[in-house]
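Residues per chain, in single letters:
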Amino acid sequence: MATLRQQMDNDKLVRGFAERTRESYLAAVARLAKFYRRSPDQLTPEEVQAYLVHMLREEQLAWSTCNLSVSAFRFLYHTTLKRPVATFTVPGAKQPQKLPEILSPEEVQRIIASTLNRRQRVLLATAYGAGLRLSELA
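First, a word on what this report is: a plain description of the structure on this page. Sequence positions are assigned chain by chain, starting from 1 and proceeding in written order. Only residues with pLDDT of at least 70 get local features here, since the model is predicted, and only at 80 or more are side-chain atom pairs given and counted; chain-wide, interface and lining totals rely on the full set of residues. Neither water nor hydrogens contribute to the side-chain values; these are computed over all heavy atoms in the structure.

## Section: a nonpolar patch on the surface
Taken together, the side chains of Leu103, Ile111 and Leu124 make up a nonpolar region of the molecular surface, amounting to roughly 210 Å² of accessible area. Numbering of helices and strands runs from the N terminus, with a helix taken as a DSSP run of H or I at least four residues long and a strand as a DSSP run of E at least two residues long. Topologically, Ile111 is positioned in helix α5 (residues 105-113). Patches here are clusters of residues that have more than 30% relative accessible area and form no salt bridge, with a 9 Å joining cutoff for like charges and a 5 Å cutoff for nonpolar side chains (Val, Leu, Ile, Met, Phe, Trp, Tyr). Here, Shrake-Rupley sampling with a 1.4 Å probe gives the accessible areas, and only protein chains in the shown set may cover a residue. Whenever Lys or Arg places a side-chain nitrogen within 4 Å of a carboxyl oxygen from Asp or Glu, that contact is recorded as a salt bridge.

## Quick word on the side chain of Thr79
The topology assignment puts Thr79 in helix α4 (residues 63-80). Throughout this description, buried means an accessible area under 20% of the type-specific maximum (1.4 Å probe, protein chains only), exposed means over 50%, and partly exposed covers the range between. For Thr79, a relative accessible area of 13% gives the class buried. By definition in these notes, contact holds between two residues if any of their heavy atoms fall within 4.5 Å. Those residues in contact with Thr79, other than ones at most four positions away along the chain, are Asp11, Arg15 and Arg74.

## Focus on the packing of helix α2 (residues 19-36) against helix α3 (residues 45-57)
For helices, the fitted axis covers only the stretch in contact; all axes are lines through C-alpha atoms, and the angles between them, taken along N-to-C directions, range from 0 to 180 degrees. Packing of α2 against α3 brings their axes to within 11 Å, and their N-to-C directions diverge by 100 degrees. The angle between α2 and α3 falls in the class roughly perpendicular. Along the contact surface, α2 presents Arg31, Leu32, Phe35 and Tyr36, while α3 presents Glu47, Val48, Ala50, Tyr51 and His54. In this classification, the charged set is Asp, Glu, Lys and Arg, the nonpolar set is Ala, Val, Leu, Ile, Met, Phe, Trp, Tyr, Cys and Pro, and all remaining amino acids, among them Gly, are polar. For the contact of α2 with α3, the residue count by class is six nonpolar, one polar and two charged. For classification, angles of less than 35 degrees are called roughly parallel, those exceeding 145 degrees roughly antiparallel, those between 65 and 115 degrees roughly perpendicular, and all remaining angles oblique.

## Some words on the side chain of Ser39
On the secondary structure map, Ser39 appears in the loop between α2 and α3. Separated by 2.5 Å, the side chains of Ser39 and Asp41 make a polar contact. In the analysis that follows, any N or O atom pair within 3.5 Å is treated as a polar contact, provided that within protein one partner can donate a hydrogen and the other can accept it, and provided that, for residues neighboring in sequence, both atoms belong to side chains.

## Comments concerning the layout of surface pockets
Buried and open spaces are told apart on a 1 Å grid over the protein atoms alone, a cavity being a set of points where a 1.4 Å probe fits but cannot get out and a pocket being an open set with protein on both sides within 12 Å along at least five of seven lines. Residues with an atom within 4 Å of a point are the lining residues. Grid points are joined across faces, edges and corners, and a volume is the space filled by probe spheres set on the points. By volume, the largest pocket is sized at about 210 Å³. Every residue lining the largest pocket is listed: Leu103, Val108, Ile111, Ile112, Leu124, Ala127, Tyr128 and Leu132. Looking at the lining of the largest pocket, the elements that each hand over two or more residues are α5 and α6 (118-130). Class assignment for the residues of the lining of the largest pocket results in eight nonpolar, no polar and no charged.

## Here's the deal with the pattern of salt bridges
Under the criterion given, the structure shown has four salt bridges. Linking Arg20 and Glu23 is a salt bridge whose minimum nitrogen-to-oxygen distance equals 3.5 Å. Taken as a pair, Arg20 and Glu23 lie in helix α2 at a separation of three residues, close to a single helical turn. A salt bridge links Arg38 to Glu47, with the nearest nitrogen and oxygen atoms 2.6 Å apart. Residue classification places Glu47 among the buried residues on the basis of a relative accessible area of 19%.

## Observations concerning the environment of Val48
Relative to the helices and strands, Val48 resides in helix α3. A relative accessible area of 1% places Val48 in the buried class. For the pair Val48 and Leu32, spaced 16 residues apart in sequence, the C-alpha to C-alpha distance is 7.8 Å.

## Here we look at α3
Multiply 1.5 Å by the residue count of a helix minus one, and that product is the helix's expected span. Helix length check: α3 (13 residues) gives 18 Å between terminal C-alpha atoms against 18 Å at 1.5 Å per residue, within 8%. Within the sequence span of α3, burial applies to Glu47, Val48, Tyr51, Leu52 and Met55. Here the buried residues of α3 occupy an arc of 145 degrees about the axis, which is enough to place them on one side. Exposed residues lying more than 90 degrees from the buried face of α3 are Glu46 and Arg57. If you follow the buried residues of α3, they end up packed against α2 and α4. Here the arc refers to the set of directions running from the helix axis out to each C-beta atom.

In structure tokens, the structure reads:
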């Protein structure tokens, strides 16, 4: 799989994939190869489908993990191996929509008041007032 691995990584690099995405895709394909103890290019679409079902039923992995694997497999088979588009099927993700937890005005005041100095108070008040994410504040 070393040559296939390098070819897949090169295909992702050329298409501008982020490094973390490239690593995740390679890891997903490596898990598939390890599961069947064969190179992924030798697997049939039915075997890939069976592995996806195994991930959901036996390993009980999160939908996001399974969806990432599906994307990795589709990329491998369609882009790298030049096979017809996604010859296996996977049910769509059923992730529950999470609503953000909203703090009451009293809770916000308590958090801002609990700071140790004025600098921290200003940072928290600015972040809250502007609706900034932690990374944006940093």
